[in-house]
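Coordinate analysis (summary)
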Number of protein chains: 2
Amino acid sequence: MLVRTNALTRRSIDGPLATLAGDQVACSEFRYRRGAEVFGEGEPAEYAYQVISGAIRTYKLLSDGRRQINSFHLPGDIFGLENGRAHRFSADAVVETEVRITRRHSLVDVMKRRETETNLVDLVTRNLQHAENHMLLLGRKTALEKVAAFLLEMDERLAHPNVMVLPMGRRDIADYLGLTLETVSRALSSLRDEHMLRFDGQTQREVVLLDRIRLAELDS
Amino acid sequence: MLVRTNALTRRSIDGPLATLAGDQVACSEFRYRRGAEVFGEGEPAEYAYQVISGAIRTYKLLSDGRRQINSFHLPGDIFGLENGRAHRFSADAVVETEVRITRRHSLVDVMKRRETETNLVDLVTRNLQHAENHMLLLGRKTALEKVAAFLLEMDERLAHPNVMVLPMGRRDIADYLGLTLETVSRALSSLRDEHMLRFDGQTQREVVLLDRIRLAELDS
DNA sequence: CGCCCCTTTGAAGCATATCAAACCGCGTGG
DNA sequence: CCACGCGGTTTGATATGCTTCAAAGGGGCG
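Residue positions are given per chain, counting from 1 as you read along its sequence in written order. The lettering of chains begins at A and the numbering of ligands begins at 1, in the order of writing. Reporting in this predicted model follows two pLDDT cut-offs: at least 70 for local features of residues, and 80 or more for side-chain atom pairs to be given and counted; totals over whole chains, interfaces and linings ignore these cut-offs and use all residues. Water and hydrogen atoms play no part in the side-chain values, which are based on all heavy atoms of the structure.

Notes on the sheet that holds strand β6 (residues 67–73) of chain A
For clarity, the cut-off: Here a strand pair is declared whenever DSSP counts at least two bridges between the two strands. Helix and strand assignments come from DSSP, with helices taken as H or I runs of at least 4 residues and strands as E runs of at least 2, each series counted from the N terminus. Orientation is described by axes fitted as lines to C-alpha atoms, over the contacting stretch for helices, and by angles from 0 to 180 degrees between their N-to-C directions. By definition, residues are in contact when any of their heavy atoms lie within 4.5 Å.
Read across the open sheet, the four strands follow the order β3-β8-β5-β6 (chain A); overall the sheet is antiparallel. Sheet topology places β3 (37–39) and β6 of chain A at the edges, where each strand pairs with a single neighbour. Adjacent strand axes in the sheet meet at a mean angle of 30°, parallel and antiparallel pairs treated alike. For strand β5 (residues 56–61) of chain A and strand β8 (residues 90–93) of chain A, the ladder comprises four bridges, and the chain directions are antiparallel. Note that in β8 of chain A the partner of Tyr 59 of chain A across the bridge is Ser 90 of chain A. Contacting β5 and β6 of chain A, helix α5 (residues 170–177) of chain B crosses the sheet at an angle of about 105° to β6 of chain A.

With respect to the relation of the copies chain B and chain A
This is how the line gets drawn: Superposition of the copies was done by least squares, using only C-alpha atoms of residues whose pLDDT is at least 70 in both.
Least-squares fitting of chain B to chain A yields an RMSD of 0.1 Å, with the transformation described by 0.0 Å of translation along the axis and a rotation of 180°. Here the copies are linked by what is in effect a two-fold axis. Mapped onto chain A, 96% of the interface residues of chain B are again interface residues, and the two copies thus contact each other with one and the same surface.

Describing the interface of chain B and chain A
Condition: The term salt bridge refers to a side-chain nitrogen of Lys or Arg lying within 4 Å of a carboxyl oxygen of Asp or Glu. Distance and chemistry together define a polar contact, namely a pair of N or O atoms within 3.5 Å, with one atom able to donate a hydrogen and the other to accept it when in protein, and with adjacent residues in sequence counting only for side-chain atoms on both sides. Three residue categories are used. Nonpolar comprises Ala, Val, Leu, Ile, Met, Phe, Trp, Tyr, Cys and Pro, charged comprises Asp, Glu, Lys and Arg, and polar comprises the others, including Gly.
Contacts between chain B and chain A engage 51 residues on the former and 49 residues on the latter. There are eight salt bridges connecting chain B and chain A. Its salt-bridge partner being Asp 172 of chain B, residue Arg 57 of chain A comes within 2.8 Å of it at the nearest N-O pair. In this assembly, chain B and chain A are joined by 18 residue pairs in polar contact (both at pLDDT 80 or more). For the side of chain B that touches chain A, the secondary-structure elements that each account for two or more residues are α1 (16–21), β6 (67–73), α2 (104–114), α3 (120–140), α4 (143–157) and α5 of chain B. The element that contributes the greatest number of residues to the side of chain B that touches chain A is α3 of chain B, accounting for 14 residues. Classifying every residue of the side of chain B that touches chain A gives 27 nonpolar, 13 polar and eleven charged.

As for the protein's contact with DNA strand D
Convention followed: Residues are classed as near a molecule or strand on a simple rule: at least one heavy atom within 4 Å of it.
Around DNA strand D sit 21 residues in total, of which Arg 170, Ser 185 and Ser 189 of chain A together with Thr 183 and Arg 186 of chain B are the nearest. Among the atoms of DNA strand D lying within 4 Å of the protein, the sugar-phosphate backbone contributes 65%. Between DNA strand D and Arg 186 of chain A there is a distance of 2.9 Å, counted from a base nitrogen to a side-chain nitrogen or oxygen. Among the secondary structure elements, those contributing two or more residues to the surface near DNA strand D are α6 (181–193) of chain A together with α6 (181–193) of chain B. If you tally residues by element for the surface near DNA strand D, the top one is α6 of chain A, at six residues. Looking at the surface near DNA strand D residue by residue, the class counts come to four nonpolar, nine polar and eight charged.

Describing unusual backbone geometry
Residues and elements named next belong to chain B. Counted only if it meets this: Residue burial is assigned from relative accessible area. The probe radius is 1.4 Å, only protein chains are included, and a residue is buried under 20% of its type maximum, exposed over 50%, and partly exposed in between.
One non-glycine residue, Ala 159, adopts positive backbone phi at about 65°. Tracing the chain through its elements places Ala 159 in the loop between α4 and β10 (164–165). Of note in the backbone geometry, Gln 204 takes a positive phi value of approximately 70° without being a glycine. Assignment of secondary structure puts Gln 204 in the loop between β11 (197–200) and β12 (206–209). Using a relative accessible area of 35% as the deciding quantity, one classes Gln 204 as partly exposed.

A closer look at the protein's contact with DNA strand C
Residues in close proximity to DNA strand C total 21 residues, the closest being Ala 143, Thr 183 and Arg 186 of chain A together with Ser 185 and Ser 189 of chain B. A distance of 3.1 Å separates a phosphate oxygen of DNA strand C from a polar atom in the side chain of Thr 180 of chain A. Within the residue set of the surface near DNA strand C, elements represented by two or more residues are α6 of chain A together with α6 of chain B. Per element, the largest residue contribution to the surface near DNA strand C is six residues, and it comes from α6 of chain B. Split into classes, the residues belonging to the surface near DNA strand C amount to four nonpolar, nine polar and eight charged.

Description of the pairing of strand β9 (residues 97–103) of chain B
Residues and elements named next belong to chain B. For β9, the buried fraction is high: six of the seven residues fall into the buried class. In this sheet, β9 lies alongside strand β2 (residues 27–32) in antiparallel orientation, the contact comprising six bridges. The partner of Phe 30 across the bridge, within β9, is Val 99. Where strand β4 (residues 47–53) and β9 come together, six bridges link them in antiparallel fashion.

Some details on the packing of aromatic side chains
Formally: Note on aromatic contacts: the rings of Phe and Tyr and the six-membered ring of Trp form a pair at centre separations within 6.5 Å, being stacked when their planes are under 30 degrees apart, edge-to-face when over 60 apart, and tilted otherwise. Definition used: whenever NZ (Lys) or CZ (Arg) falls within 6 Å of the ring centre and also within 35 degrees of the ring normal, the charge is taken to sit over that ring.
All told, the structure shown has 16 aromatic pairs over all chains when counted by the stated rule. Measuring from centroid to centroid gives 5.1 Å for Tyr 176 of chain A and Phe 72 of chain B, while their planes differ by 50°, and the two rings are tilted. Taken together, the positions of Tyr 176 of chain A in helix α5 (residues 170–177) and Phe 72 of chain B in strand β6 put the pair across two chains. Grouping residues by exposure puts Tyr 176 of chain A and Phe 72 of chain B together as buried. An aromatic cluster of at least three residues, connected via ring pairs, comprises Phe 39, Tyr 47, Tyr 49, Phe 79 and Phe 89 of chain A. When the ring centre of Tyr 59 of chain A is taken as origin, the NZ or CZ atom of Arg 67 of chain A, which lies over that ring, is 5.6 Å away.

Spelled out as structure tokens, the structure:
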């Protein structure tokens, strides 16, 4: 499948991938047909990619098929460079597309050599990962799904306390979720009525999650 | 303003910031009152921050005051670590909040020493930056604003061609913008009717931007 | 020529926003 | 101690922007 190439066959687009890879690692080129999948979410991340011509979309899917495209990758762009072992999103060709490919290992090894125990790339990448998840939420989830996702995110980040004390008000939650505060309030009331959560104390900021499983189901 | 501290006064939360900084750089602690601004979008990024207690929100604002919160930063979280000179978003305290602060320079210098000319952090960070802008779009912009922003993004990335040939169809644009394809189509028709763009050829994929200024105004 | 995909356009429905009012706990000052 | 005011939240009624459902146009390709 992979078309081997060498320095002499390189095209005019020599971006960071080529620079990074330099002559230390092998680059190959490959051509994808319109709609062809480059990689799927959850698949092992073996390669890093640079678009030579055409366009790639990277996206996430909800279980019901709704899709959120994170980015379009155009000629010169690098994508698919993951810190973990698996791709966090899917990628496929919008049109007939040429890409340059290099084994992820090569890059990661170069990276590892240059950085020590505490990895700054990891740090930024975690932020990126959060942003990607959030884009999916903002672009494609309903109010109820958003609020459920928010509660579960906070629950997890607060290490699943019995009583979750939210430091932020309804307005802040609303702005985080791309909703109005009234809609957030209604969603919370609805979840309370459905016995998925309960308010503790008098402030409405102390929440007890009663059914994390059903909340997670709501979160698609 | 900054409260100097040393290793002896450090609290129990010693996350990556402390590790990164180690004993190489000075850490200070500071306390923000509820609602106090830690930094504003566009301000010079002089420090990196780690939350000790409380909560910080980072967000962007549209000119009419609509706000999109990107993240809530809870104890242990690091934020405000920028690659460029300026903050890409604002940060302020949701509640009374303690943060540990270190000069950005210290970290950046450590980083620079460890990495060479081609900076992987830059790479990931650019993606993050895009994601942040996109969250604002998804959470807070109207259909017309989204489509205008999309056109301007593509225009810029394609180096302002006279005729912009979009590689993707309406469905792809819609999924990128968190809309339906019909809404994208209606928005484009509306922009055409308002003489902000014109379709070239017969495919409706070749767009000529006639009034980038008004488009940019739409994009808030 | 005819089919298929993409796009546009129209009509109706619906989820969420907007507008409005009441409630509630809390802090403050009388 | 209570009255009051105030910010935050809930709830209700209405409005609306976007989606959904539907159909027709238009171009490319077999």
